[in-house]
Amino acid sequence: MFTLYHHPFSPSSRFVRLIIAEYGADFHEVLVNPWERPQKLLMLNAAGTIPVLIENDGPALCGAGPILEYLDETRGYAVADRRLMPDHPEARAETRRLVEWSLGKFDFEVVGHLVRERIYKQAMPRSAGGGEPDSSALRVARANIHHHMKYFGYLVASRRWLAGDRLSFADFALAAELSCADYLGEVPWANEDNVKSWYARMKSRPSMRPMLSEKVLGMPASPTYADLDF
């Protein structure tokens, strides 16, 4: 049994939840507000960041990258053709590159701003930076998302899945990020039909259904959020 320290609208945490579900494992969840850095979390991860995953009485696995590798090494071979890491070294490198792009660059330039300003700040005390959204941060995110969507559109137009011919960790990393932005109605779907079609396939997977039912208190989801035919 896994224990996952996470926040429902942390994109990296969502990624881990998706791949745990894809590998057919169960987990007990511990909800953490990322801005609070509680002592229990710091004892597990000195960086005070989420996600953190623990299997039984094992050590804490900190961050989406190490968790990805652990799940692949301990569960990947057991699921045969459903393994989310390709066999060929070049394909593995491309998968890791796009996971890093989604959870790193795309999050830093777009989704991280949207989630912090529009979701986290609602619950954060002013002493921790809560309050009204920073309009300049939102403006930057809304400008940057178009460049990323064009690149993702190019990839999925020329490949069956984001990183190549097979479903991989890369698809779930991008789906986790987009799901947070889509809840807020911040994804310009009308401009990128290829990404929209790819994301519709991702939304139809059973691993995503629990996530698409989650809500932010006082903030309804966008009309497209849980709709498979959007």
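Higher on the page you've got the structure.
If you're wondering where the values come from, they're calculated on a predicted model, not measured in any experiment.

### Description of the nonpolar core
- Counting residues in hydrophobic clusters, the biggest one holds 67 residues, and the most contacted among them are F15, L162, F169, L178, W198, Y199 and M202.
- Secondary structure elements with two or more residues in this core: strand 1 (2–6), helix 1 (11–22), helix 3 (64–75), helix 4 (89–123), helix 5 (135–158), helix 6 (169–183) and helix 7 (193–203).
- Counting residues per element, this core draws most heavily on helix 6, which supplies 11 residues.
- Those residues in contact with Y199 that lie beyond four places of it in its chain are A175, L178, S179, D182, W189, M208 and F230.
- Core analysis: the next-biggest nonpolar cluster, separate from the first, contains six residues, Y5, V32, L41 and V52 among them.

### Things to note about the side chain of S207
- Topologically, S207 is positioned in the segment after helix 7.
- A polar side-chain atom of S207 sits 2.7 Å from a polar atom in the side chain of E22.
- If sequence neighbours within four positions are ignored, S207 has contacts with L18, A21, E22 and F172.

### A closer look at the pattern of salt bridges
- A complete count under the given rule lists 13 salt bridges for this structure.
- Here R75 makes a salt bridge to E55, at a shortest N to O gap of 2.5 Å. Taken together, the positions of R75 in helix 3 and E55 in strand 3 (residues 52–55) put the pair 20 residues apart, joining distant regions of the chain. Neither R75 nor E55 differs from the other in exposure class; each is buried.

### Considering helix 1
- If you check helix 1, its first and last C-alpha atoms are 16 Å apart, about what 12 residues at 1.5 Å a residue would give, namely 16 Å.
- Helix 1 sits mainly inside the fold: 11 of its 12 residues count as buried.
- Looking only at helix 1, the buried set comprises P11, S12, S13, R14, F15, V16, R17, L18, I19, I20 and E22.
- Residues of helix 1 that are buried in the fold lie against strand 1, strand 2 (27–31), strand 3, helix 3, helix 4 and helix 6.
- G24, located one to two residues past helix 1, shows a positive phi value of around 75°.

### Examining the pairing of strand 3
- Burial of the side chains of strand 3 extends over both faces: V52 and I54 are buried on one face and L53 and E55 on the other.
- When strand 1 meets strand 3, the two strands line up antiparallel, connected through four bridges. Opposite Y5, over in strand 3, you have V52 as the bridge partner.
- In terms of strand pairing, strand 3 meets strand 4 (residues 61–62) through two bridges, oriented antiparallel.

### Describing unusual backbone geometry
- The omega torsion of the bond from I50 to P51 falls at 5°, within 30 degrees of zero and hence cis.
- When you line up the elements, P51 lands in the loop between helix 2 (39–44) and strand 3.
- Look at R37: it is not a glycine, yet its phi comes out positive at around 45°.
- As for its placement among the helices and strands, R37 is situated in the loop between strand 2 and helix 2.
- Backbone geometry at A80 places phi at a positive 55°, although glycine is not the residue there.
- Considering the arrangement of structural elements, one finds A80 in the loop between helix 3 and helix 4.

### Structural notes on the sheet that holds strand 2
- Strands sit in the order 2-1-3-4 across an open sheet of four strands; the sheet is mixed. At either end of the open sheet lies a strand with only one pairing partner, and these are strand 2 and strand 4.
- Helix 1 rests against strand 1, strand 2 and strand 3 of the sheet, and its axis sits at about 155° to strand 1.
- Helix 3 contacts strand 1, strand 3 and strand 4 of the sheet and is inclined by roughly 30° relative to strand 3.

The rules behind these values
- Residues numbered from 1 in each chain as written.
- Predicted model: local features only at pLDDT ≥ 70, side-chain atom pairs only at ≥ 80, totals over all residues.
- Heavy atoms only, no water.
- Core = buried A, V, L, I, M, F, W, Y, C linked by side-chain atoms within 4.5 Å.
- Buried < 20%, exposed > 50% of the residue type's maximum accessible area, 1.4 Å probe, protein only.
- Helix = DSSP H or I, 4+ residues; strand = E, 2+ residues; numbered from the N terminus.
- Contact = heavy atoms within 4.5 Å.
- Polar contact = N/O pair within 3.5 Å; in protein donor to acceptor, adjacent residues only side chain to side chain.
- Salt bridge = Lys/Arg side-chain N within 4 Å of Asp/Glu carboxyl O.
- Expected span 1.5 Å × (residues − 1).
- Pairing = 2+ DSSP bridges.
- Axes fitted to C-alpha atoms, helices over the stretch in contact; angles between N-to-C directions.

So yeah, pure geometry; function would need other evidence.
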